[in-house]
Amino acid sequence: MRVATKVSLIAAALISLSACQKEAAEPAAPKLDTDSAKQSYALGLSAGKYLNNAVEEHKKLNLTLDAALILRGVQDAAGGGKPALAEEEVQKILTALDEQFRNKQAEMAKTKAEEAKAKGVAFLAENAKKAGVTTTASGLQYEVITAADGAKPKAEDTVKVKYKGTLTDGTEFDSTEKNNNGEPIEFPLNRVIKGWTEGVQLMGVGSKFKFTVPSELAYGENGMGPIPANSVLVFEVELVGITAPEAAPAGEAEKK
């Protein structure tokens, strides 16, 4: 929802509350003896928290908002004074603020992505120097933690694995221990990030590898959920089993 729309809705909520009350230097504790009273007070708290958060979020982007003037605007809109801005001007200002906010967010995201890319390149360069680390032609890096002579999967196979994924600073973003009660999970190997598709094919069943995955073999410039854009990812993967793709029913092969 746009900033202008949010502010308008919150202002309306605050107006409904404040129009029937006078400001006091030290207001008495609210009387919340009915459902309506509790609902009204909860609405006011929610609106107030949003306004406070909005001020803080704008501050992070070097867009300074004056909390006192925000409250004064609410009071004037509620009939406590004559508005100093015409409605048409208010809408233009809020629309411009919304655009400015989005532009600042985009600038900050771009800066963070560029910084992450540079840090990732440096991290990979240092990691490649470590004993036991092998770098493939694609840039994927791997270490053998536990070797095994089991069968190796093909890209079209479904694999069963246990794993833990972290950022380069050690922050864990996913693991079978945390999100699957420690049990292995299964997935088609050709439907995951490129680093996994390539790397797990190097593993024999029963082995455990550590993969350091360049951002372009992971989620790239877009990131994913808790994973920031341009992040190098580190995975510890244990290959538990392989399920070959099911054979096509009789007669299906001839149709293709």
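Residues numbered from 1 in each chain as written. Predicted model: local features only at pLDDT ≥ 70, side-chain atom pairs only at ≥ 80, totals over all residues. Heavy atoms only, no water.

The name given to the protein chain in an unreviewed UniProt entry is Peptidyl-prolyl cis-trans isomerase, and the organism recorded there is Rheinheimera tilapiae. According to UniProt, the comment filed for the protein chain under the heading Catalytic activity (unreviewed entry) is "[protein]-peptidylproline (omega=180) = [protein]-peptidylproline (omega=0)". Reading the Sequence similarities (unreviewed entry) entry of the UniProt record for the protein chain gives the comment "Belongs to the FKBP-type PPIase family." (UniProt positions renumbered as here; feature names shortened; annotations may be inferred.)

A. Broad picture of the overall build of the protein chain. The helix and strand tally for the protein chain stands at 7 helices and 7 strands. Start at the N end of the protein chain and walk to the C end: the helices and strands fall as α-α-α-α-β-β-β-β-α-β-α-β-β-α. (Helix = DSSP H or I, 4+ residues; strand = E, 2+ residues; numbered from the N terminus.)

B. Structural view of the pattern of salt bridges. Under the definition given, this model contains 10 salt bridges. Ionic pairing is found between Arg-72 and Asp-76, a salt bridge with its closest N-O pair at 2.9 Å. Of this pair, Arg-72 and Asp-76 both sit in helix α3 (residues 67–80), 4 residues apart, which is roughly one turn of the helix. Between Lys-117 and Glu-216 there is a salt bridge, with its nearest N and O atoms 3.3 Å apart. Here Lys-117 is found in helix α4 (residues 87–127), whereas its partner Glu-216 is found in the loop between β6 (208–213) and β7 (233–243), with 99 residues between them in sequence. Since its relative accessible area comes to 47%, Glu-216 is described here as partly exposed. (Salt bridge = Lys/Arg side-chain N within 4 Å of Asp/Glu carboxyl O. Buried < 20%, exposed > 50% of the residue type's maximum accessible area, 1.4 Å probe, protein only.)

C. Quick peek at a nonpolar patch on the surface. A surface patch of nonpolar side chains, amounting to about 240 Å² of accessible area, comprises Leu-32, Tyr-41 and Leu-45. Among the structural elements, Leu-45 can be located in helix α2 (residues 35–60). (Patch = residues over 30% accessible without salt bridge, like charges linked within 9 Å, V, L, I, M, F, W, Y side chains within 5 Å. Areas by Shrake-Rupley, 256 points an atom, 1.4 Å probe, with all protein chains shown as cover.)

D. Representation of the pairing of strand β2 (residues 141–146). Examined bridge by bridge, strand β1 (residues 134–135) and β2 share 2 bridges and lie antiparallel to one another. Counterpart to Thr-135 in the pairing with β2 is Gln-141. Between the antiparallel neighbours β1 and β2 lie 5 residues, among them Gly-139 with a positive phi of about 105°. (Pairing = 2+ DSSP bridges.)

E. Region of the structure containing the pairing of β7. Here 10 bridges tie strand β3 (residues 158–167) to β7, and the two strands are oriented antiparallel to one another. Residue pairing across strands places Lys-162 opposite Glu-238, the latter belonging to β7. Here β6 pairs with β7 via 6 bridges, running antiparallel. Bridged to Phe-209 within β7 is Val-237.

F. Quick peek at the side chain of Ser-175. Following the sequence through the fold, Ser-175 ends up in strand β4 (residues 172–175). Under the relative-accessibility criterion, Ser-175 is labelled buried at 3%. Looking at Ser-175, its side chain comes within polar contact range of the main-chain nitrogen of Lys-178, at 2.9 Å. Not counting residues up to four positions away in its chain, the partners in contact with Ser-175 are Tyr-163, Lys-164 and Asn-180. (Polar contact = N/O pair within 3.5 Å; in protein donor to acceptor, adjacent residues only side chain to side chain. Contact = heavy atoms within 4.5 Å.)

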